Amino acid sequence: MQLTLGPVLYNWKPEEWRDFYFRIADEAPVDNVVVGEVVCSKRSPFLDPHIPAVVERLAAAGKNVLMGSLTLMSLPRERKAMAELAGDDSFPMEVNDLTCLGMLGGRPHAIGPFVNIYNEATAGYFATRGATRICLPPELPLSAIRAIARSQPEVTFEVFAFGRVPLAISARCYHARLNKLSKDNCKFVCEQDPDGLAVTTLDDEPFLAMNGVQTLSYTCASLLGDIDKLKDAGARSLRLSPQQCDMVAVAKLFRDVIDGKVSAADGAQKLEQLYPLRKSNGFLFSKPGAAFITDSGDVRRIVPAA
C-alpha cells in the first residue's frame, strides 16, 4: 500500500508552501507527491517561482512527483498554462479537468479525485487513454471501489483517506463574495483561512467549508481504521490531503498502521491529537458523508456529531 500526498488545496503563503514540501521531501514516508495549484489559477504566480526547487528536492528524496492540473479551466490563459504543463514530460500530469486529456495526446498520466469515475466502464475508458493511476472520487462506497479496482488490475487505484473532502468547484468565488469583493479583485482574502472557512446552517451547525471557489466538507475524512478493507477491495494507494497540522506526523502514522506497527485504534487516538477536527468516513459505507462508522464486534454504528 502506497501513500500519496495530494496537492495543497488552500492559499498558503508561498514560503510556507515551499517549506512544507521541503519537509515532506526530507521526512515524510510518502511514495507520491502531487504538486501545483489545482483550485484557483490566480494563486499560481505566487507559487510558480518555488516549484522548480520543490520538485527537484522531492525527486532527489526519491518521491514520485506528479504535476496537478487545475480542476476547472474557464479562461484562455488557464488553458494555455495547462497546455504548457501537459507538454512538459519531466513529470507526469495528474488530470483534474478532462480538457487536459486532449493536450496529453495519450501519454501516461494520473487521474485526480475531481474527475467523476463511478464505474468499471469509465475506469476502463481512462485506462485506454493512458491513465496509469486513478484517485477515485471520495464519495464512492467500498463496493464500488472493489468493483472498479478489480476491473482494471493494471491501473493503480487510490482512495482519498485523510483531509477535508473536496465536494465541488465553481466559477464564482465564495470568499470574495463573503467579503463583498469581486472575483477579479478578490485581494486573495482566502489566505485568511489556510485550513478552509467553516459554513454553518441557519441552526448554527457546521456542515461545509469554503476555500475560494471550492466547496469542501466541514469534517475531516479519515480512513485510518479502514485500511484492511481498502486493501481487500484492491486499493493500492491512500491519499493524504494537506491540512494545517503536522502532515509528516500524519503520514508516519498512516504508514505505521499500514505496516502493522500501530493498531488502528491507537492510530485513531493519535490522529485526534494531531488534528482534532471531527472525523468522517460515511461515504465508504454508503452512509451520509459526515458520519463516522466504527466497528464494535460485528456491529457498525454511526457516531453522532460532536
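Relevant structure appears above.
Please read these numbers as outputs of a predicted model, since none were measured by experiment. (Residues numbered from 1 in each chain as written. Predicted model: local features only at pLDDT ≥ 70, side-chain atom pairs only at ≥ 80, totals over all residues. Heavy atoms only, no water.)

**Remarks on the nonpolar core**
In step 1: Among the nonpolar cores identified, the biggest contains 89 residues, and Tyr 21, Ile 24, Val 35, Ile 134, Phe 162 and Phe 254 are the most heavily contacted of them.
In step 2: Take this core: its biggest share by element is eight residues, from helix H10 (residues 247–258).
In step 3: Not counting chain neighbours up to four residues away, the residues in contact with Phe 162 comprise Cys 220, Ala 221, Arg 239, Leu 240, Ser 241, Gln 243, Cys 245, Met 247, Val 250, Phe 254, Leu 271 and Tyr 275. (Core = buried A, V, L, I, M, F, W, Y, C linked by side-chain atoms within 4.5 Å. Buried < 20%, exposed > 50% of the residue type's maximum accessible area, 1.4 Å probe, protein only. Helix = DSSP H or I, 4+ residues; strand = E, 2+ residues; numbered from the N terminus. Contact = heavy atoms within 4.5 Å.)

**Description of the packing of helix H1 (residues 14–27) against H10**
In step 1: Close contact between H1 and H10 brings their axes to 10 Å; oriented N to C, the two are set at 35°. Handedness of the crossing formed by H1 with H10: right-handed. Judged by residue contacts, Phe 20, Arg 23, Ile 24 and Glu 27 of H1 engage Met 247, Val 248 and Lys 252 from H10. (Axes fitted to C-alpha atoms, helices over the stretch in contact; angles between N-to-C directions. Left-handed = near helix turned anticlockwise from the far one by under 90°.)

**Here's the deal with the packing of aromatic side chains**
In step 1: In the structure shown here, the tally under the stated rule is seven aromatic pairs.
In step 2: Judged by centre distance (4.9 Å) and plane angle (65°), the ring pair of Trp 17 and Tyr 21 falls under edge-to-face. In this pair, Trp 17 and Tyr 21 are both assigned in helix H1, four residues apart and thus about one turn of the helix distant.
In step 3: Under the relative-accessibility criterion, Tyr 21 is labelled buried at 0%.
In step 4: When the ring of Phe 162 is compared with that of Tyr 275, the centres are 5.9 Å apart and the planes differ by 65°; the resulting orientation is edge-to-face. Of this pair, Phe 162 sits in strand S7 (residues 156–169) while Tyr 275 is found in the loop between helix H11 (264–274) and strand S12 (279–280), placing the two residues 113 residues apart along the sequence. Both residues of the pair, Phe 162 and Tyr 275, belong to the buried class.
In step 5: Grouping aromatic residues by their ring pairs yields a cluster made of Trp 12, Trp 17, Phe 20 and Tyr 21.
In step 6: Note that Lys 42 overlies the ring of Phe 188, its terminal NZ or CZ placed 5.4 Å from the centroid. (Phe/Tyr/Trp six-rings, centres within 6.5 Å; stacked < 30°, edge-to-face > 60°. Lys NZ or Arg CZ within 6 Å of the ring centre and 35° of its normal.)

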